[in-house]
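# Topology and contacts: notes
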Amino acid sequence: MAKKGLIYALLSALLFSTMNVFVKLLGTNIPPGEIAFARGFFGTVAVLIIMYVKGIRFSKENRGLLVMRGLYGGFGMVCNFIALVHIKLSDATILFQTTGIFVFIFSALFLKESIPKGAGKWLGVILIAVLVMVNPFSYESFSWYALVAILGAALAAAAYTTIRTISKRGQHSNFEIMAYFMITGMIAGLVTTEQLVMPQGTDWLIIFAIGGISVVAQFFLTGAFVTTNAV
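Residues numbered from 1 in each chain as written. Predicted model: local features only at pLDDT ≥ 70, side-chain atom pairs only at ≥ 80, totals over all residues. Heavy atoms only, no water.

## Notes on the overall build of the protein
- Each helix and strand in the protein was counted, giving 9 helices and 0 strands.
- Ordered by position from the N terminus, the helices and strands of the protein form the series α-α-α-α-α-α-α-α-α.
- Along the longest, intermediate and shortest principal axes, the C-alpha atoms of the protein span 55 × 50 × 30 Å.
- By residue count, 48% of the 231 residues in the protein fall in the buried class.
- Partitioning the contacts of the protein with sequence separation of at least 6, the portion at a separation of at least 24 is 89%.
- Looking at charge distribution, the protein has the averaged site of its 16 positive side-chain charges lying 16 Å from that of its 8 negative ones. (Helix = DSSP H or I, 4+ residues; strand = E, 2+ residues; numbered from the N terminus. Buried < 20%, exposed > 50% of the residue type's maximum accessible area, 1.4 Å probe, protein only. Contact = heavy atoms within 4.5 Å. Lys, Arg positive; Asp, Glu negative; His and termini not counted. Charge placed at Lys NZ, Arg CZ, Asp CG, Glu CD.)

This is how it looks when you write it as structure tokens:
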């Protein structure tokens with residue numbers, strides 16, 4: 001199961017990185033919140049169709065946790081998209097990968113999962129690297145959007161930890177867990193958008209690409225946290 005979870009995690013990372021490139025391209029014309037709304041909308045439609053075809057129904061168990069997973073993931077996604085639009089793609093992507101640090105912390109605190117031996121020193125190295133990237137001591141190079149990316153990473157880690165908790169408490173389909181995220185992500189995107197902008201021309205193709213890639217990536221990500229421990 002651990003090997004399967006590792007493969008799922010690697011595939012999701014590859015797909016999300018590809019999606020981030022499209023978000024960066026689209027962000028020149030469309031607000032980040034609207035991109036999150038579009039991703040959530042197309043994702044919701046796709047997941048609900050799959051659930052209908054497969055005969056998967058929404059369960060009555062753990063609804064609170066499922067909603068929490070959706071809220072953490074939805075607003076974390078918006079933070080990630082805001083950072084992607086306003087700072088360099090490489091910086092935003094790397095900062096968002098600090099999700100791993102928060103997963104270490106949250107899984108140890110809330111799931112009581114063991115941290116691999118010797119991981120502490122590497123976490124310290126990563127934290128130092130993040131400080132170098134964010135550079136909070138320099139007025140000229142410091143950007144508040146870097147902190148938005150880190151906030152998004154923390155919220156994403158909370159979502160992942162919640163997925164692991166849900167998987168331990170009940171038998172929920174990956175698609176049901178995804179549905180909660182897509183729906184709340186759509187809402188989070190809408191409430192954080194001041195003014196909607198009508199996509200033009202190739203914008204629609206990029207939106208469809210983001211929606212399609214995100215559904216597959218989210219399936220692999222959810223599968224990874226369901227099949228193996230969060231760390």
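Here the narrative resumes, following the displayed structure.
## Focus: the packing of aromatic side chains
- Per the stated rule, a full pass over the model turns up 9 aromatic pairs.
- Through successive ring pairs, a cluster of aromatic residues spans Tyr8, Phe175, Phe219 and Phe220. (Phe/Tyr/Trp six-rings, centres within 6.5 Å; stacked < 30°, edge-to-face > 60°.)

## Overview of the confidence of the model for the protein
- Confidence along the protein averages 85 in pLDDT terms, with 91% of residues attaining 70 or more.
- In the model of the protein, helix 6 (residues 119-134) stands out as the element of lowest mean pLDDT, 73, in contrast to helix 2 (residues 32-54), which has the highest, 92. (pLDDT = per-residue confidence, 0-100.)

## A word on unusual backbone geometry
- With a phi angle near 55 degrees, asparagine 62 is a residue other than glycine that sits in the positive phi range.
- Along the chain, the position of asparagine 62 falls in the loop between helix 2 and helix 3 (63-86).

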